[in-house]
Amino acid sequence: MALMALRILAHTWCFLMGIYLIAQGSAAAEFDIADGLVPGQKLIVIRGQIQTGDDAVFYKLAQQAERASVALESSGGDVDTEISIGAEIAIRGFTTLVLDGEGCHSICAVIWVSGVRRYMSPNADISVHAAYRLVNNLDGSLEVPESGMANAMIGAFLNEVGLSRQAIEYFTAARPNEPLLPITPEIAQALDIDVHIQDGFDVTTAAERPTPRRITRQVVEYFGLANNCGNLFRVDERFWRSQAEYTLKDGHNVFGGEAFAPLLGEYTSRVKAELERDGFVRWCLMGEANLRADGLSTGLTGPSYDCAKSTTLTEYAICSSKDLWAMDRAMANLYFYFRRNSDAQRSTEFLSSQRGWLKRRDACGQHVKCLIERYSSRLFDFGV
């Protein structure tokens, strides 16, 4: 439902942009906001060269939107202002769109990549170059040297929104006297920029066209599950290892092995740090959820019990929600572990508390959000 609404919303954007092409009379940026097709969602359109003070205009529009898609058609403009707009988009978790039209160039592309989800059409015109400033010489000539401070600001911001070093270098590589560097769907993928491709009513998601970083994360998470989570979820670790090897092999076929050599060490270190910080149970739950969100198999075929023997609304609800399978397995296995490894009195206390928790859980009926809260609470009781 949400995906279909976004697709239709994109066509609404195209209609609005057609009006803008007729109404636009100056180089100054124009802003508009329209209701989306989903309650609480808005469409914010930015077109034209962005100038000092336009971030205040955008902020006022953003305050009207709990959720929003920001459609861009701009040749760029003031660096400080556009970074301010990009930061507002990132903080609010807005989506960004560049579809067919005049395109999104220079610092406008920085706004585009600030979106929590980025959309572009197959033929979207997006391009980047290093920041520069205009200098009037005494003899009347004009120079356009690079602005080191502005490029440093852009690089720092791109790092904050999660772009790779390679992508940051690409964004600031083209000199003022050189052609702008294009960002096509293929170039975005190679630069580790997650992008959804909007082709009419058809959408290819970022998960369907993974970047080297996404693939590396998936590989390391599979290995992390194999090394830490087999007993917790009752899944044969060999399944996760084979999935990791297959995923990495597929990535090599697309990008070549050299793309992954430096990334594997980086992500392995990251997982080790996460395990030390969060503990293996929370990390296992997160790793399984991440892979499942990417549409990948995690080897979990249901909760800890046989769904064919379900008798209550709650048991049926758990069987119907993949979001609860890992939590149920983790809770059940931790409970039995603590009972087996406790003295008789402590074991009896665990049994009593578990029965009390099951009553509170079943009081949720079939409300998944309530069930997730109940499971989180029980895992907290186990020190997780």
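Residues numbered from 1 in each chain as written. Predicted model: local features only at pLDDT ≥ 70, side-chain atom pairs only at ≥ 80, totals over all residues. Heavy atoms only, no water.

### Structural notes on the overall build of the protein
The helix and strand tally for the protein stands at 16 helices and twelve strands. Split into buried and exposed, the 384 residues of the protein put 47% on the buried side. Here the analysis covers contacts within the protein between residues at least 6 apart in sequence; of these, 64% occur between residues at least 24 apart. Summed over all atoms, the accessible surface of the protein reaches about 19,300 Å², with 53% contributed by carbon and sulfur. (Helix = DSSP H or I, 4+ residues; strand = E, 2+ residues; numbered from the N terminus. Buried < 20%, exposed > 50% of the residue type's maximum accessible area, 1.4 Å probe, protein only. Contact = heavy atoms within 4.5 Å. Areas by Shrake-Rupley, 256 points an atom, 1.4 Å probe, with all protein chains shown as cover.)

### Section: unusual backbone geometry
The phi dihedral of serine 106 falls on the positive side, at around 60 degrees, and the residue is not glycine. Looking at the element boundaries, serine 106 is found in the loop between β5 (104-105) and α4 (108-113). By relative accessible area, serine 106 is classed as buried at 14%. Backbone geometry places aspartate 192, a non-glycine residue, at a positive phi of 65 degrees. When you line up the elements, aspartate 192 lands in the loop between α7 (185-190) and β11 (196-199). Since its relative accessible area comes to 12%, aspartate 192 is described here as buried.

### Some thoughts on helix α16 (residues 368-381)
A rise of 1.5 Å per residue sets the reference length of α16, with its 14 residues, at 20 Å; its end C-alpha atoms lie 20 Å apart and thus fit the reference within 8%. Lining the buried residues of α16 we find α12 (280-293), α13 (313-320), α14 (322-340) and α15 (344-362). Once α16 finishes, glycine 383 follows within two positions and takes phi at roughly 85 degrees, a positive value. (Expected span 1.5 Å × (residues − 1).)

### Quick notes on the nonpolar core
Across soluble globular proteins, nonpolar side chains have a tendency to be buried as a group. Core analysis: the biggest nonpolar cluster contains 46 residues, and Phe58, Trp112 and Phe171 have the highest contact counts within it. Sorting the residues of this core by element identifies β2 (41-47), α2 (54-62), β3 (67-73), α3 (79-92), α4, β7 (126-128), α5 (148-160) and α6 (165-171) as the ones contributing at least two each. Here this core takes six residues from α4, the largest share from any one element. Among residues more than four places away in sequence, those in contact with tryptophan 112 are Leu72, Thr96, Leu97, Val98, Cys104, Arg118, Tyr119, Met120, Ile126, Ile183 and Val195. In this structure, Ile215, Ala226, Tyr267 and Trp325 belong to the second largest nonpolar core, which totals 44 residues. (Core = buried A, V, L, I, M, F, W, Y, C linked by side-chain atoms within 4.5 Å.)

### Let's talk about the pattern of salt bridges
This structure, assessed with the given rule, holds 18 salt bridges. One salt bridge in this structure joins arginine 92 and glutamate 88, with 2.6 Å as the shortest N-O distance. Placement of the pair is arginine 92 and glutamate 88 together in helix α3, with a separation of four residues, close to one helical turn. Judged by its relative accessible area of 29%, arginine 92 falls in the partly exposed class. Overall, glutamate 88 belongs to the buried group, its relative accessible area being 17%. Across the pair glutamate 288 and arginine 292 runs a salt bridge whose closest N-O atoms are separated by 3.0 Å. With glutamate 288 and arginine 292 both in helix α12 and four residues apart, this pair spans about one turn of that helix. What makes glutamate 288 buried here is its relative accessible area of 2%. On the accessibility criterion, arginine 292 (22% relative accessible area) is partly exposed. (Salt bridge = Lys/Arg side-chain N within 4 Å of Asp/Glu carboxyl O.)

### Some remarks on the state of the cysteines
Applying the stated criterion to the full structure yields four disulfides. Disulfide pairing is shown between cysteine 307 and cysteine 319; the S-S distance is 2.0 Å. Torsion about the S-S bond of the cysteine 307 and cysteine 319 cystine: about -100 degrees, corresponding to left-handed handedness. Here cysteine 307, found in the loop between α12 and α13, pairs with cysteine 319, found in helix α13; they are twelve residues apart in sequence, far enough to count as distant. Across a sulfur-sulfur distance of 2.0 Å, cysteine 364 and cysteine 370 are joined as a disulfide pair. Linking cysteine 364 and cysteine 370, the disulfide has an S-S dihedral of approximately -60 degrees and is accordingly described as left-handed. Classification of cysteine 370 as buried rests on a relative accessible area of 19%. Taking only the cysteines that form disulfides and numbering them from first to last, the protein has the pattern 1-2, 3-4, 5-6, 7-8. (Disulfide = S-S within 2.5 Å.)

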